[in-house]
Amino acid sequence: YNWIKTYDSSRFVQYEGSNRPVWGQLPHIYDRLDSYTDVICPMYPSIDEIIEWAYITAPKLNEQRPFIMCEYAHAMGNSSGSLSDYWDVIKKAHGLQGGVSNGRIN
């Protein structure tokens, strides 16, 4: 992280591992966030998780970094349901800035 910032400070760094204790599918642990990421970037958080982040965890931690889900939907065919539920929350809550949808044709 420090090398990247020294080499080119104009780019932001996204590191999903900053909110997990070990690699894998364990729950996100947001109060252990370190300084190795410029955005909070969980993969596939639930809608309840992003609500909790926006209204409870971020204010408690005084967290100012944006929350951008590095992946929150996987669309194959027409399997991308509940996107409107995510966007209802994203539009209302400060700091939530959307996410990346993994979509492709098999």
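Refer to the structure printed above.
Residues numbered from 1 in each chain as written. Predicted model: local features only at pLDDT ≥ 70, side-chain atom pairs only at ≥ 80, totals over all residues. Heavy atoms only, no water.

J.: Quick rundown of the pattern of salt bridges? Include the residues and the values.
T.: Inspection of the entire model under this criterion finds three salt bridges. Put simply, R11 and D8 hold a salt bridge, and the shortest N to O gap is 2.7 Å. Notably, a salt bridge pairs R65 with E63, separated by 2.8 Å at the nearest N-O pair. (Salt bridge = Lys/Arg side-chain N within 4 Å of Asp/Glu carboxyl O.)

J.: A description of helix α2 (residues 47–61) should follow, citing residues and the corresponding values.
T.: For α2, with 15 residues, the first-to-last C-alpha span of 20 Å sits near the 21 Å given by 1.5 Å per residue. Along α2, the sharpest change in direction is near 50° and occurs at W53. Positive backbone phi, approximately 55°, marks N62, located one or two places after α2. (Helix = DSSP H or I, 4+ residues; strand = E, 2+ residues; numbered from the N terminus. Expected span 1.5 Å × (residues − 1). Bend = angle between axes of the 7 residues up to and from the residue.)

J.: So what about the state of the cysteines? Which residues, and what values?
T.: Tallied over the entire structure, the rule returns zero disulfides. C70 supplies the cysteine sulfur nearest to C41, a cysteine that is in no disulfide, at a spacing of 5.5 Å. Here C70 falls in the buried class, since its relative accessible area comes to 18%. (Disulfide = S-S within 2.5 Å. Buried < 20%, exposed > 50% of the residue type's maximum accessible area, 1.4 Å probe, protein only.)

J.: Can you tell me about the layout of surface pockets, naming the residues and giving the values?
T.: As a volume, the largest pocket reaches approximately 170 Å³. Lining the largest pocket are W53, A54, A58, P59, N62, E63, Q64, R65, H94 and G95. (1 Å grid on protein atoms, 1.4 Å probe; cavity = no way out; pocket = protein on both sides within 12 Å on 5 of 7 lines; lining within 4 Å. Points joined across faces, edges and corners; volume = space filled by probe spheres on them.)

J.: Mind laying out the nonpolar core, listing which residues take part and the relevant values?
T.: Counting residues in hydrophobic clusters, the biggest one holds 15 residues, and the most contacted among them are I50, W53, F67, M69, Y86, I90 and L96. Listing elements by their share of this core, those giving two or more residues are α2, β1 (67–75) and α3 (83–92). In this structure, I90 is in contact with I50, M69, L96, Q97 and G98, ignoring residues within four places of it in sequence. (Core = buried A, V, L, I, M, F, W, Y, C linked by side-chain atoms within 4.5 Å. Contact = heavy atoms within 4.5 Å.)

J.: Run through the environment of I29, naming residues and quoting values.
T.: With respect to the secondary-structure elements, I29 resides in the loop between α1 (2–7) and α2. Along the backbone, I29 and S18 are 11 residues apart, and their C-alpha atoms lie at a distance of 8.8 Å.

J.: Which residues make up the side chain of R65, and what are the values?
T.: Assignment of secondary structure puts R65 in the loop between α2 and β1. Within the local environment of R65, its side chain forms a polar contact with the backbone oxygen of T37, the two atoms lying 2.8 Å apart. Reaching out from R65, the side chain makes a polar contact with the side chain of E63 at a distance of 2.8 Å. (Polar contact = N/O pair within 3.5 Å; in protein donor to acceptor, adjacent residues only side chain to side chain.)

J.: Lay out the packing of α2 against α3 in plain terms, naming residues and giving numbers.
T.: A pair of packed helices can be characterised by two numbers: the angle between their axes and the separation between those axes. Put simply, α2 and α3 touch, their axes get as near as 10 Å, and they point 5° apart. Between α2 and α3, the crossing angle belongs to the class labelled roughly parallel. Of the residues in α3, those touching α2 at I47, I50, I51 and Y55 are D85, Y86, V89, I90 and K92. A breakdown of the residues in the contact of α2 with α3 according to their chemical character gives seven nonpolar, no polar and two charged. (Axes fitted to C-alpha atoms, helices over the stretch in contact; angles between N-to-C directions. Parallel < 35°, antiparallel > 145°, perpendicular 65-115°, else oblique. Nonpolar A, V, L, I, M, F, W, Y, C, P; charged D, E, K, R; others polar.)

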